[in-house]
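Fold and contact review
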Amino acid sequence: VQLQASGGGLVQSGGSLRLSCAAPGSLFGIDTMAWYRQGPGKQREVVAASGATTVYADSVKGRFTISRDNSKNTVYLQMSSLKPEDTAVYYCYVKTIFGFGGRTEHWGQGTLVTVSS
């Protein structure tokens, strides 16, 4: 299953970007949709996740907002007040659940966000 992420790019510090990620309409049972990122020389970390609850990394609270359109199997990440340390490849993630304990996990190809100082 291919997730299509888009919206990355180069932005100045203090600017905004909106990332989008669409899962195929044939994907059912979507439970959690999330965004991760991996900065230069860093491990991949969760940025925001939307499931039973919505959670954010402390470093982005108050600046980033995750939202989803379940009718389109799409998740968004609105990023504001961007900082150079937000520079990373951003990956979308989708988890589905089915049956009794069944689950699948899917990743997008990554979209690069570069914040210049």
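Every chain's residues receive numbers from 1 upward, in the order its sequence appears when written. In keeping with the predicted nature of the model, local features appear solely for residues at pLDDT of at least 70, side-chain atom pairs appear and are counted solely at 80 or more, and the whole-chain, interface and lining totals rest on all residues. Water and hydrogen atoms play no part in the side-chain values, which are based on all heavy atoms of the structure.

1. Re unusual backbone geometry
Under the convention used in this document: Every helix listed is a DSSP run of H or I at least four residues long, and every strand listed is a run of E at least two residues long, numbered separately from the N terminus.
Look at asparagine 73: it is not a glycine, yet its phi comes out positive at around 50°. Inspection of the secondary structure assignment puts asparagine 73 in the loop between β7 (64–69) and β8 (74–79). Unusually for a residue other than glycine, serine 81 sits at a positive phi of about 50°. With respect to the secondary-structure elements, serine 81 resides in the loop between β8 and β9 (88–98).

2. Overview of the sheet that holds strand β1 (residues 4–6)
Whenever strands of a sheet pair, they do so through backbone hydrogen bonds, lying parallel or antiparallel. The following threshold applies: When DSSP finds two or more bridges between a pair of strands, those strands are recorded as paired. In this description, a line fitted to the C-alpha atoms serves as the axis of each element, helices being fitted only across the stretch in contact, and the angle between N-to-C directions of two axes falls anywhere from 0 to 180 degrees.
In spatial order, the strands read β1-β3-β8-β7; together these 4 strands make up an open sheet with antiparallel pairing. One side of each edge strand has no neighbouring strand; the edge strands of this open sheet are β1 and β7. For this sheet, the mean angle separating the axes of adjacent strands, direction not counted, is 15°. One ladder, built from 6 bridges, connects β7 with β8; its direction is antiparallel. Note on β8: the bridge partner recorded for isoleucine 66 is leucine 77.

3. So, the pairing of β9
Side chains on a regular strand alternate between the two faces of the sheet. This is how it is decided: We call a residue buried when its accessible area falls under 20% of the maximum for its residue type, exposed when it is over 50%, and partly exposed in between, using a 1.4 Å probe and counting protein chains only.
Most of β9 sits out of view: 8 of its 11 residues are buried. Strand direction decides the pairing type here: strand β4 (residues 30–38) and β9, joined by 8 bridges, are antiparallel. Bridge pairing in β9 places alanine 34 opposite tyrosine 93. Two strands pair when backbone bridges link them, and β9 and strand β11 (residues 111–116) are joined in this way by 3 bridges, in the antiparallel orientation. The residue bridging alanine 88 from the neighbouring strand is valine 113, located in β11. For β9 and strand β10 (residues 102–107), the ladder comprises 6 bridges, and the chain directions are antiparallel. Its bridge partner lying in β10, threonine 96 is registered against threonine 104. In sequence, β9 turns back onto β10 through a hairpin of 3 residues, with glycine 99 there showing a positive phi of about 55°.

4. Comments concerning the packing of aromatic side chains
Defined as follows: Aromatic rings from Phe, Tyr and Trp, taking only the six-membered ring of Trp, are treated as a pair when their centres fall within 6.5 Å; an angle between ring planes under 30 degrees marks them as stacked, one over 60 as edge-to-face, and anything in between as tilted.
For the structure shown, the criterion picks out 3 aromatic pairs. Both rings, one in tyrosine 36 and one in tyrosine 93, keep their centres 5.7 Å apart while their planes meet at 65°; by these two values the pair is edge-to-face. With tyrosine 36 in strand β4 and tyrosine 93 in strand β9, the pair connects residues that are 57 residues apart, well separated along the chain. According to the relative accessible area criterion, tyrosine 36 is partly exposed, its value standing at 21%.

5. As for the state of the cysteines
Among covalent bonds in proteins, the disulfide is the one between the sulfur atoms of two cysteines. Stated formally: By disulfide we mean two sulfur atoms from cysteines, separated by a distance within 2.5 Å.
Tallied over the entire structure, the rule returns 1 disulfide. Between the sulfur atoms of cysteine 21 and its disulfide partner cysteine 92 the distance amounts to 2.0 Å. Judged by the torsion about the S-S bond (50°), the cysteine 21/cysteine 92 disulfide is right-handed. Note that cysteine 21 is positioned in strand β3 (residues 17–22) and cysteine 92 in strand β9, a separation of 71 residues in sequence. Residue cysteine 21 is classed as buried on the basis of its relative accessible area of 1%. On the basis of relative accessible area, cysteine 92 is assigned to the buried category, the value being 0%.

None of the figures reported here should be taken as evidence of function without further support.
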